[in-house]
Amino acid sequence: MEIKRVALGGGCHWCTEAVFLSLYGVNKVEQGFVSQKGGESSFSEAIIVTYDPLEISLKDLIEIHLHTHQSTSEHSFRHKYRSAVYVFSEKDFDESNRILKVLQADFSKNLITKTFYFKAFKPSDEQFHNYYYSNPEKPFCKSYIDPKLKVLMTKYSRFMKNITDEIFLKGQ
């Protein structure tokens, strides 16, 4: 069985973690801060997704990512929330760029999401791991994460884990 990794950034890592913990084929989600090779290499909030490409493809992961954060908005917090796909190989770099070009058709505005080579990762504090599934009633979760999960349920329910899945309830 081949296992792959991709890092995704675009919004709060608590939000992004909740979305990707909810997907079949995702074996592990690590939230924290990622930096890229070259150019602006400062750390930005992101997650690392470990996944089985036989269950969910890189295209599916990128598509879900684009539709669950503001992937067309250059807002004032982009330094903290870089809209990005961080890859670990040249093959995934090329594939990610191809996928972003194809998925541009889903959006009326230009995507700002870029593909970068992964450089480094710093995990967030343990107290924030599995934040949503440990605190679903908190106002932050209701305001920011619930709408992302609604998009997931509406557009991508075929990829969602069943709420009774033991791994889903534990948050891995």
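What counts and what doesn't
- Residues numbered from 1 in each chain as written.
- Predicted model: local features only at pLDDT ≥ 70, side-chain atom pairs only at ≥ 80, totals over all residues.
- Heavy atoms only, no water.
- Salt bridge = Lys/Arg side-chain N within 4 Å of Asp/Glu carboxyl O.
- Buried < 20%, exposed > 50% of the residue type's maximum accessible area, 1.4 Å probe, protein only.
- Helix = DSSP H or I, 4+ residues; strand = E, 2+ residues; numbered from the N terminus.
- Pairing = 2+ DSSP bridges.
- Axes fitted to C-alpha atoms, helices over the stretch in contact; angles between N-to-C directions.
- Parallel < 35°, antiparallel > 145°, perpendicular 65-115°, else oblique.
- Left-handed = near helix turned anticlockwise from the far one by under 90°.
- Contact = heavy atoms within 4.5 Å.
- Nonpolar A, V, L, I, M, F, W, Y, C, P; charged D, E, K, R; others polar.

**Considering the pattern of salt bridges**
Here comes step 1: In total, this model carries four salt bridges according to the counting rule given.
Here comes step 2: Among the ionic pairs, Lys-142 bridges to Glu-137, the shortest N-O distance being 3.6 Å.
Here comes step 3: The class of Glu-137 is exposed, set by a relative accessible area of 58%.
Here comes step 4: Between Lys-142 and Asp-146 there is a salt bridge whose closest N-O contact spans 3.5 Å. Within this pair, Lys-142 and its partner Asp-146 are both found in helix α5 (residues 139-155), separated by four residues, close to a single helical turn.
Here comes step 5: Here Asp-146 falls in the partly exposed class, since its relative accessible area comes to 22%.
Here comes step 6: One network of salt bridges, with partners in common, ties together Glu-137, Lys-142 and Asp-146.

**Some details on the pairing of strand β3 (residues 44-51)**
Here comes step 1: Within β3, eight of the eight residues are buried, which leaves the element mostly enclosed by the surrounding structure.
Here comes step 2: Pairing of strand β1 (residues 4-9) with β3, which is carried by five bridges, proceeds in the antiparallel orientation. By the bridge assignment for β3, Leu-8 is matched with Ile-47.
Here comes step 3: Pairing of strand β2 (residues 26-36) with β3, which is carried by eight bridges, proceeds in the antiparallel orientation. Residue pairing across strands places Phe-33 opposite Glu-45, the latter belonging to β3.

**A look at helix α1 (residues 13-21)**
Here comes step 1: Of all nine residues in α1, nine are buried; the element is thus mostly enclosed.
Here comes step 2: Taken together, the buried positions of α1 are occupied by His-13, Trp-14, Cys-15, Thr-16, Glu-17, Ala-18, Val-19, Phe-20 and Leu-21.

**A look at the sheet that holds β3**
Here comes step 1: Spatial strand order, β1-β3-β2-β5-β4: five strands in a closed barrel with mixed pairing. Neighbouring strand axes in the sheet, compared pairwise and without regard to direction, differ in orientation by 50 degrees on average.

**A word on the packing of α1 against helix α2 (residues 58-67)**
Here comes step 1: In contact at an axis separation of 11 Å, α1 and α2 are set at 135 degrees when each is read in the N-to-C sense. As the angle between them shows, α1 and α2 are arranged oblique. In this structure, α1 crosses over α2, and the sense of that crossing is right-handed. For the pair α1 and α2, contact is made by Thr-16, Val-19 and Phe-20 and by Leu-61, Ile-64 and His-65, respectively.
Here comes step 2: Of the residues that constitute the contact of α1 with α2, the class distribution is four nonpolar, two polar and no charged.

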